[in-house]
Amino acid sequence: MIDPRLLRDDPDRIRAAQAKRGLSADVVDQALAADEQRRSSITEFERLRAEQKQLGAQIPKAQGDEKQALLARTKELSAAVKEAEAAQNVAEESYRAAMSAIPNPAADEAPAGGEDDFVVLEHVGTPRDFAAEGFEPRDHVELGRILGAIDIDRGAKVSGARFYYLTGVGADLELALVNLAMDQARAAGFTTVIPPALVKPRAMDGTGFLGQAADDVYRIEGEDLYLVGTSEVPLAAYHSDEILDADTLPRRYAAFSPCYRKEAGSYGKDTRGIIRVHWFDKVEMFSYTTVEESFAEHQRLLAWEKEFLTKLGLAFRVIDVAAGDLGLSAQRKFDCEAWIPTQGKYRELTSTSNCTDFQARRLDIRGRFPADQGGTRPVATLNGTLCAMTRTIVALLETHQQADGSVLVPEALRPYLQGREVLKPVVP
RNA sequence: GGAGGUGUCGCCUAGUCCGGUCUAUGGCGCCCGCCUGCUAAGCGGGUUGAGGGCAAACCCCUCUCGCGGGUUCAAAUCCCGCCACCUCCGCCA
């Protein structure tokens, strides 16, 4: 939810923000009209209600004809109040609907346009040149098979397309990555969290995943519950309806959870391997802070993501995602894309978003600040991937493979893999 | 899943039977002030949140006693539904 005052005071700014995302400004005018309607209905209701209360208070003291007249009048008012209240509820609901359709205005620095209009901010590391090394790299499916690490056939047999088993060193690799990620997060002051992966509609909607994104979300049959696509959802909703003391900010949480995605509309994309799956596990960072601090916090989250990918010896680039590709809640988003040798391109491994006070307003998360700092007002929320298991495993296996099909373990990961320095093929 | 109990302002609590100055009592904590070598104690005041009147302030008004309906001129209070927590039973890792 955007700041209602901003909409009222400077609607042209919101119109411009819609344009930058490639969206229509109609919803802005709808919201403005709904706000007018809402306020006039509130005034009308309150006027009637005040009169009703004022007259009602006189009834116990009144006698005879006077009392009868008051009863008659308040009875009329009672009906009018009920009607006005219903009208107000309708107006509030259309206002809410119009407001929640408006995405967070993108940062000035975010590139305009859609998915392909990102800006590359930097490259870290250099992609390996397998041609120069004199061998053809195997893809992660083949590496996973010969290492006994990834069983895609049985994943499909048991659960269907886009499912997999991690086995042996594959499973070990995930646990190692989780522990490496959690150790880094803990050292950086994050509180470690294991959150629920099933949430109520409020949490899903509050984080902006029930709008256009709803098609990608699994809903539990016969229950009012959703499977989360990221632990951003339970982490954001964690403090919903709370007022946080200013001196407890920033609050940083790092959660390990499964992520479930329908991948609707991605038919035919990434059908091979475990790049795009219906379920994967992830370690996610999440921060609560002030809007003023959020921009610096966003850079810190990005730095922690880069630190992690660098430890793993991956080559990657950082992109500044364009306005039209930000999703509902984000004001700015940076993706880290790692080089996937057999695809010859960079693929998203991590992503960090600054949602400013957009989610906090929807979830009613506020901070209590001194009066000269605005008193009680919405906080800012930010999220960032520390490690998405499947894609990280893809990048690791493909990047660190050797001609014989073995895979070198990056030094940082060895303590978490029982000291193993190399993963060796177990099947031809 | 079944039975019973509980839900009041940051925390605790009065009020609910018997509807009407409840504009929700008191304590703790917290904030401001007074007093006092300092601190503590004591004294006085303040302290739920949201929204509307306006561009803002003062001020006024409305809503807020778990949530949502209903009855009534009037609901913390009566009725119905739901939710959460506690105890016991059943089931289960």
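Only a predicted model underlies this, so the values are computations on that prediction, with no experimental measurement involved.

Quick look at helix α8 (residues 169-187)
Okay, step 1: Under the 1.5 Å per step criterion, the end-to-end length of α8 is 26 Å for 19 residues, consistent within 8% with the ideal 27 Å.
Okay, step 2: Every buried residue belonging to α8 is among Val169, Gly170, Leu173, Glu174, Ala176, Leu177, Val178, Leu180, Ala181, Met182, Gln184 and Ala185, and all of these are buried.
Okay, step 3: Following α8 by one or two positions, glycine 189 adopts a phi angle in the positive range, close to 95°.

Topic: the protein's contact with RNA strand B
Okay, step 1: Taken together, 21 residues sit near RNA strand B, with Arg49, Lys53, Ile59, Ser78 and Arg366 positioned nearest.
Okay, step 2: Restricting attention to atoms of RNA strand B within 4 Å of the protein, one finds that 77% of them are sugar or phosphate atoms.
Okay, step 3: Contact between RNA strand B and glutamate 46: a base nitrogen at 3.0 Å from a side-chain N or O atom of the residue.
Okay, step 4: Side-chain polar atom of threonine 74 to a sugar or linking oxygen of RNA strand B: 3.3 Å apart, as the coordinates give it.
Okay, step 5: Breaking the surface near RNA strand B down by element, the ones donating at least two residues are α3 (26-56), α4 (64-100) and β13 (365-368).

Things to note about empty space enclosed by the protein
Okay, step 1: By the definition in use, this model includes one cavity of 30 Å³ or more.
Okay, step 2: Taken as a whole, the largest cavity encloses approximately 50 Å³ of empty space.
Okay, step 3: For the largest cavity, the full set of lining residues is Leu173, Leu396, Leu397, His400, Val407, Leu408, Val409, Pro410, Leu413, Leu417 and Leu423.
Okay, step 4: Of all the secondary structure elements, the ones that give two or more residues to the lining of the largest cavity are α13 (389-399) and β16 (407-408).
Okay, step 5: Looking at the lining of the largest cavity residue by residue, the class counts come to 10 nonpolar, one polar and no charged.

Notes on the UniProt feature "site: Important for serine binding" (unreviewed entry) in chain A
Okay, step 1: When the UniProt feature table is mapped onto this chain, "site: Important for serine binding" (unreviewed entry) is found at Thr385.
Okay, step 2: As for its position among the elements, threonine 385 is in strand β15 (residues 380-388).
Okay, step 3: What makes threonine 385 buried here is its relative accessible area of 7%.
Okay, step 4: Apart from the residues lying within four places of it in its own chain, the contact partners of threonine 385 are Lys282, Val283, Glu284, Met285, Glu305, Leu349, Thr350 and Ser351.

Thoughts on helix α11 (residues 291-311)
Okay, step 1: An ideal rise of 1.5 Å per residue puts 30 Å on 21 residues; α11 measures up with 30 Å between its terminal C-alpha atoms.
Okay, step 2: Its maximal kink placed at glutamate 297, α11 deviates by approximately 25°.
Okay, step 3: Among the residues of α11, those classed as buried are Val291, Ser294, Glu297, His298, Leu301, Leu302, Trp304, Glu305, Phe308 and Leu309.
Okay, step 4: Just beyond α11, the residue with positive phi is glycine 313, at close to 70°.

Details of the packing of aromatic side chains
Pairs of aromatic rings are described using the distance from one ring centre to the other and the angle between the two planes.
Okay, step 1: As enumerated under the stated definition, the model contains seven aromatic pairs in all.
Okay, step 2: Relative to tyrosine 253, the ring of tyrosine 238 has its centre 5.4 Å away and its plane inclined at 75°; by these criteria the two rings are edge-to-face. Taken together, the residues tyrosine 238 in the loop between α10 (232-237) and β7 (242-245) and tyrosine 253 in strand β8 (residues 251-260) connect sequence positions 15 residues apart.
Okay, step 3: Site record: aromatic cluster; members linked through ring pairs are Tyr238, Tyr253, Phe286 and Tyr288.

Digging into the packing of helix α2 (residues 11-20) against α3
Okay, step 1: It is at 9 Å that the axes of α2 and α3 come closest, and there the two elements cross at 150°. Relative to α3, α2 is oriented roughly antiparallel. Seen along the crossing, α2 lies across α3 with a hand that is right-handed. Where α2 approaches α3, its residues Pro11, Ile14, Arg15 and Gln18 are matched on the opposing element by Val27, Val28, Asp29 and Leu32.
Okay, step 2: Of the residues belonging to the contact of α2 with α3, the class tally is five nonpolar, one polar and two charged.

Topic: a negative patch on the surface
Okay, step 1: Among the surface-exposed residues, Glu115, Asp116, Asp117, Asp325 and Glu348 lie close enough to one another that they form a single negatively charged patch.
Okay, step 2: Examined against the element boundaries, glutamate 115 turns out to sit in the loop between α4 and β1 (119-124).
Okay, step 3: On the basis of relative accessibility, which here comes to 57%, the residue glutamate 115 falls in the exposed class.

Concerning the sheet that holds β8
Okay, step 1: One open sheet accounts for eight strands, arranged β1-β10-β11-β12-β15-β9-β8-β4; its pairing is mixed. The open sheet has two free edges, formed respectively by β1 and β4 (191-193), since each of these has just one partner strand. Across the sheet, the axes of successive neighbouring strands diverge by a mean angle of 25°, strand direction being ignored.
Okay, step 2: Pairing of β8 with strand β9 (residues 279-289), which is carried by 10 bridges, proceeds in the antiparallel orientation. Pairing of alanine 254 across the sheet is with methionine 285, part of β9.
Okay, step 3: Here α13 sits on the sheet and contacts β8, β9, β11 (332-340), β12 (345-354) and β15; the angle it forms with β15, its principal contact strand, is near 40°.

Topic: the domain arrangement of chain A
Okay, step 1: When its domains are assigned, chain A resolves into domain 1 (4-100) and domain 2 (115-423).
Okay, step 2: Measuring from the centre of the C-alpha atoms in domain 1 to the corresponding centre in domain 2 gives 43 Å.
Okay, step 3: Domain 1 puts four residues into the contact, and the matching count from domain 2 is eight residues.
Okay, step 4: Our count for the domain 1 to domain 2 interface comes out at zero salt bridges.
Okay, step 5: Among the residues making up the side of domain 1 that touches domain 2, the classes are represented as one nonpolar, one polar and two charged.

Notes on the sheet that holds β7
Backbone-to-backbone hydrogen bonds join strands into a sheet, with any given pair of strands oriented parallel or antiparallel.
Okay, step 1: Reading across from one edge, β7-β13-β14 is the order of the three strands in this open sheet, with mixed pairing throughout. Two strands bound the open sheet, and with one partner strand each, they are β7 and β14 (376-378). The mean angle between the axes of side-by-side strands here comes to 35°, regardless of whether they run parallel or antiparallel.
Okay, step 2: In the sheet, β7 pairs with β13 via four bridges, with the strands oriented parallel. For aspartate 245, the partnering residue across the bridge sits in β13 and is arginine 368.

Rules and cut-offs
- Residues numbered from 1 in each chain as written.
- Chains lettered and ligands numbered in written order.
- Predicted model: local features only at pLDDT ≥ 70, side-chain atom pairs only at ≥ 80, totals over all residues.
- Heavy atoms only, no water.
- Helix = DSSP H or I, 4+ residues; strand = E, 2+ residues; numbered from the N terminus.
- Expected span 1.5 Å × (residues − 1).
- Buried < 20%, exposed > 50% of the residue type's maximum accessible area, 1.4 Å probe, protein only.
- Near = heavy atom within 4 Å.
- Polar contact = N/O pair within 3.5 Å; in protein donor to acceptor, adjacent residues only side chain to side chain.
- 1 Å grid on protein atoms, 1.4 Å probe; cavity = no way out; pocket = protein on both sides within 12 Å on 5 of 7 lines; lining within 4 Å.
- Points joined across faces, edges and corners; volume = space filled by probe spheres on them.
- Nonpolar A, V, L, I, M, F, W, Y, C, P; charged D, E, K, R; others polar.
- UniProt positions renumbered as here; feature names shortened; annotations may be inferred.
- Contact = heavy atoms within 4.5 Å.
- Bend = angle between axes of the 7 residues up to and from the residue.
- Phe/Tyr/Trp six-rings, centres within 6.5 Å; stacked < 30°, edge-to-face > 60°.
- Axes fitted to C-alpha atoms, helices over the stretch in contact; angles between N-to-C directions.
- Parallel < 35°, antiparallel > 145°, perpendicular 65-115°, else oblique.
- Left-handed = near helix turned anticlockwise from the far one by under 90°.
- Patch = residues over 30% accessible without salt bridge, like charges linked within 9 Å, V, L, I, M, F, W, Y side chains within 5 Å.
- Areas by Shrake-Rupley, 256 points an atom, 1.4 Å probe, with all protein chains shown as cover.
- Salt bridge = Lys/Arg side-chain N within 4 Å of Asp/Glu carboxyl O.
- Lys, Arg positive; Asp, Glu negative; His and termini not counted.
- Charge placed at Lys NZ, Arg CZ, Asp CG, Glu CD.
- Pairing = 2+ DSSP bridges.
- Domains from an automatic or database assignment.

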